[in-house]
Amino acid sequence: MLGWFADEADPDAGLLAFRRISDSLGQTHWYLRMLRDEGSAAERLAHVLARSRYAADLLIRAPESVAILGDVEGSTPRSRDALLATMRAATRRKSTTDDAMIAARVVRRLELFRIAVADLTGQLDLAGVGAALSDLTCATLESALEIATLRVEQETGQKLGTRLLVVGMGSLGGGEMGYGSDADVMFVHRPDDGVDETEAQKQATLVFQELRRLLGVAGPDPQLVIDPDLRPEGKRGPMVRSLGAFAAYYEHWSLTWEAQALLRAAPVAGDVDLGRAFCDLINPIRWPHGGVPVHAIREIRMLKARMESERLPRGADPKTHFKLGLGGLSDVEWTVQLVQLRHGYEIEELRTTGTLAALGAAGRAGLIPSADVTTMAQAWNFASSLRNASVLWRGRPVDALPSDLRDADGIGRIVGREAGAGEELAEAYRRLARRARAAVDLNFYESK
């Protein structure tokens, strides 16, 4: 195993993590037998620990999770339904709602490790990682919603009189989450027949507040940050609205940025029928008949330009920032979303929440030149891969290419680069981002 550790960018960290795990499991009969008899398990363990601080931290928190490395199917991500079934089985055995949420989060921690191992060993591509992380987040939100509902019903002594829905936004709604992604959401409810609207609003607010509390408590897994700021009126608006209140708002006061945000909205937890009704409500808003007017297009472009000058963190290099930099994720996503707002009503293939799916549809419809589609897809994939690899390598979210060559080497190895290719990695990203920005200038700003 020493040779396998030495092959990676940080063998010392890998060896230290291995020692800590072995100290915890050294007296467990199956652990040493697995390392002895399952040669591939020992090799995978060494490479994973020395390649990823994120995976090592997950394993140190729960050393028994190493057992999945000895299972042929152990690193295959589980479906959303399978995860939810496991969470429900785990939570039913707990006597308090807080303990039930911890049990669900233990399941989440194991699945995060499973996904990380599959990613680090090349068994999952970027799309597979995004889908697996999104499914896991959906299952976690569904479980948290059930637990929070039970808690409120127990405390109030009455059954809930309203249907509840969590709508995923951003990367969650698009099924493209990364290891460091927040869960962008909106909270919706619909009162049952005969239930007072004010009372239903109060109940729904209590449940969603409890959901956020349960997920915000320090637990066995990395925190799942719930961000409801894409709701109507943003931070100033009520955290929870009824379906009727959403309808009234979108009819009278909806702004252009809110229609744009809805392009990636998808029900992720809660009442299925309410989810369908919410989609029926927002579809004419995100794919407006005839497309968005000229003044709205101008507004979107001005907002994007303002973001580029104001939202980039102080001191950040616009050439290397994954999300907000030139040719980065935001550039590609806004270009795609403008096409969807303009043509989604007439081209059904554009009515998707996934960035790359919509980009491909725009190319096939002749709305974006095929060469620009290829360039922007490559840039989006590269930035997303580097962003994920940065979290895996350092154990925390990183938003830009590292200046330290050792970090660049570690990140580069995770995305398939040769050892010692840190400088080449940075130059490759800058080169691709420049080309992507040129495509954005042409297709978003319509400037040459």
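Scope of this entry: the structure provided in the associated data block. Note that the structure is a prediction, hence the values are computed from the model and not measured. (Residues numbered from 1 in each chain as written. Predicted model: local features only at pLDDT ≥ 70, side-chain atom pairs only at ≥ 80, totals over all residues. Heavy atoms only, no water.)

**Points about the packing of aromatic side chains**
At step 1: Counting across every chain of the model gives 12 aromatic pairs.
At step 2: Judged by centre distance (4.3 Å) and plane angle (15°), the ring pair of Phe187 and Phe208 falls under stacked. In this pair, Phe187 sits in strand 2 (residues 183-191) while Phe208 sits in helix 10 (residues 197-216), placing the two residues 21 residues apart along the sequence. The two residues Phe187 and Phe208 agree in class, both being buried.
At step 3: Judged by centre distance (5.9 Å) and plane angle (35°), the rings of Phe246 and Tyr250 are tilted. Here Tyr250 and Phe246 lie together in helix 11 (residues 243-252), a separation of four residues that amounts to about one turn.
At step 4: The exposure class assigned to Phe246 is buried, which follows from its relative accessible area of 1%.
At step 5: Looking at Tyr250, the relative accessible area reads 9%, which means it is buried.
At step 6: In this structure an aromatic cluster arises from ring pairing among Phe246, Tyr249, Tyr250, Trp253 and Phe278.
At step 7: The lysine or arginine in question, Arg241, covers the ring of Tyr249, its NZ or CZ lying 5.0 Å from the ring centre.
At step 8: The ring of Trp287 has Arg351 lying over it, and the distance from NZ or CZ to the ring centre is 6.0 Å. (Phe/Tyr/Trp six-rings, centres within 6.5 Å; stacked < 30°, edge-to-face > 60°. Helix = DSSP H or I, 4+ residues; strand = E, 2+ residues; numbered from the N terminus. Buried < 20%, exposed > 50% of the residue type's maximum accessible area, 1.4 Å probe, protein only. Lys NZ or Arg CZ within 6 Å of the ring centre and 35° of its normal.)

**So, the packing of helix 2 (residues 11-25) against helix 5 (residues 53-61)**
At step 1: Where helix 2 meets helix 5, the closest approach of the two axes is 9 Å, and the angle between their N-to-C directions is 15°. With respect to helix 5, the axis of helix 2 lies roughly parallel. As for the relative orientation of helix 2 and helix 5, their crossing is left-handed in sense. Taken together, the residues of helix 5 that come into contact with helix 2 (itself represented by Ala17, Arg20 and Ile21) are Ala56, Leu59 and Ile60.
At step 2: Split into classes, the residues belonging to the contact of helix 2 with helix 5 amount to five nonpolar, no polar and one charged. (Axes fitted to C-alpha atoms, helices over the stretch in contact; angles between N-to-C directions. Parallel < 35°, antiparallel > 145°, perpendicular 65-115°, else oblique. Left-handed = near helix turned anticlockwise from the far one by under 90°. Contact = heavy atoms within 4.5 Å. Nonpolar A, V, L, I, M, F, W, Y, C, P; charged D, E, K, R; others polar.)

**Considerations on the packing of helix 15 (residues 329-343) against helix 16 (residues 355-364)**
Working note: a packed helix pair is described by the angle between its axes plus the distance between those axes.
At step 1: It is at 9 Å that the axes of helix 15 and helix 16 come closest, and there the two elements cross at 55°. With respect to their mutual orientation, helix 15 and helix 16 come out oblique. Relative to helix 16, the crossing made by helix 15 is left-handed. Across the interface between the two elements, Val332, Glu333, Val336, Val339 and Gln340 of helix 15 pack against Thr355, Ala358, Leu359 and Ala362 of helix 16.
At step 2: Along the lines of polarity and charge, the residues of the contact of helix 15 with helix 16 split into six nonpolar, two polar and one charged.

**Concerning the environment of Leu214**
At step 1: Summarising the element assignment, Leu214 is placed in helix 10.
At step 2: Between the C-alpha atom of Leu214 and that of Met101, which follows or precedes it by 113 residues, the distance is 6.6 Å.
At step 3: Here Leu214 is in contact with Thr97, Asp98, Met101, Arg105, Ala144, Ile147 and Ala148, once residues within four sequence places are set aside.

**Comments concerning the side chain of Gln260**
At step 1: One can find Gln260 in helix 12 (residues 256-261).
At step 2: In this structure, Gln260 is in contact with Ile300, Trp334, Gln337 and Leu341, ignoring residues within four places of it in sequence.

**Considering the pattern of salt bridges**
At step 1: Within this structure, the stated rule accounts for 34 salt bridges.
At step 2: A salt bridge links Asp98 to Arg151; the nearest nitrogen and oxygen atoms lie 3.3 Å apart. Placement of Asp98 in helix 7 (residues 97-120) and of Arg151 in helix 8 (residues 126-156) is noted, with a sequence separation of 53 residues between them.
At step 3: Across the pair Glu310 and Arg306 runs a salt bridge whose closest N-O atoms are separated by 3.8 Å. (Salt bridge = Lys/Arg side-chain N within 4 Å of Asp/Glu carboxyl O.)

**As for helix 7**
At step 1: The end-to-end C-alpha distance of helix 7, which contains 24 residues, comes to 35 Å, matching closely the 34 Å that a straight helix rising 1.5 Å per residue would cover.
At step 2: Counting buried residues along helix 7, 19 of its 24 residues qualify, which places the element largely inside the surrounding structure.
At step 3: Note on helix 7: the residue one or two positions beyond its end, Gly122, has a positive phi of about 80°. (Expected span 1.5 Å × (residues − 1).)

**Some thoughts on unusual backbone geometry**
At step 1: Even without glycine at this site, Glu233 takes up a positive phi of about 70°.
At step 2: Mapped onto the secondary structure, Glu233 falls in the loop between strand 3 (226-227) and strand 4 (240-242).
At step 3: Assessed through its relative accessible area of 33%, Glu233 is described here as partly exposed.

**Topic: the side chain of Ser52**
At step 1: For Ser52, the location among the structural elements is in the loop between helix 4 (39-51) and helix 5.
At step 2: Exposure remark for Ser52: the relative accessible area of 1% places this residue in the buried category.
At step 3: A polar side-chain atom of Ser52 sits 3.0 Å from the main-chain amide nitrogen of Ala55.
At step 4: For Ser52, the side chain forms a polar contact with the main-chain oxygen of Leu392, separated by 2.7 Å. (Polar contact = N/O pair within 3.5 Å; in protein donor to acceptor, adjacent residues only side chain to side chain.)

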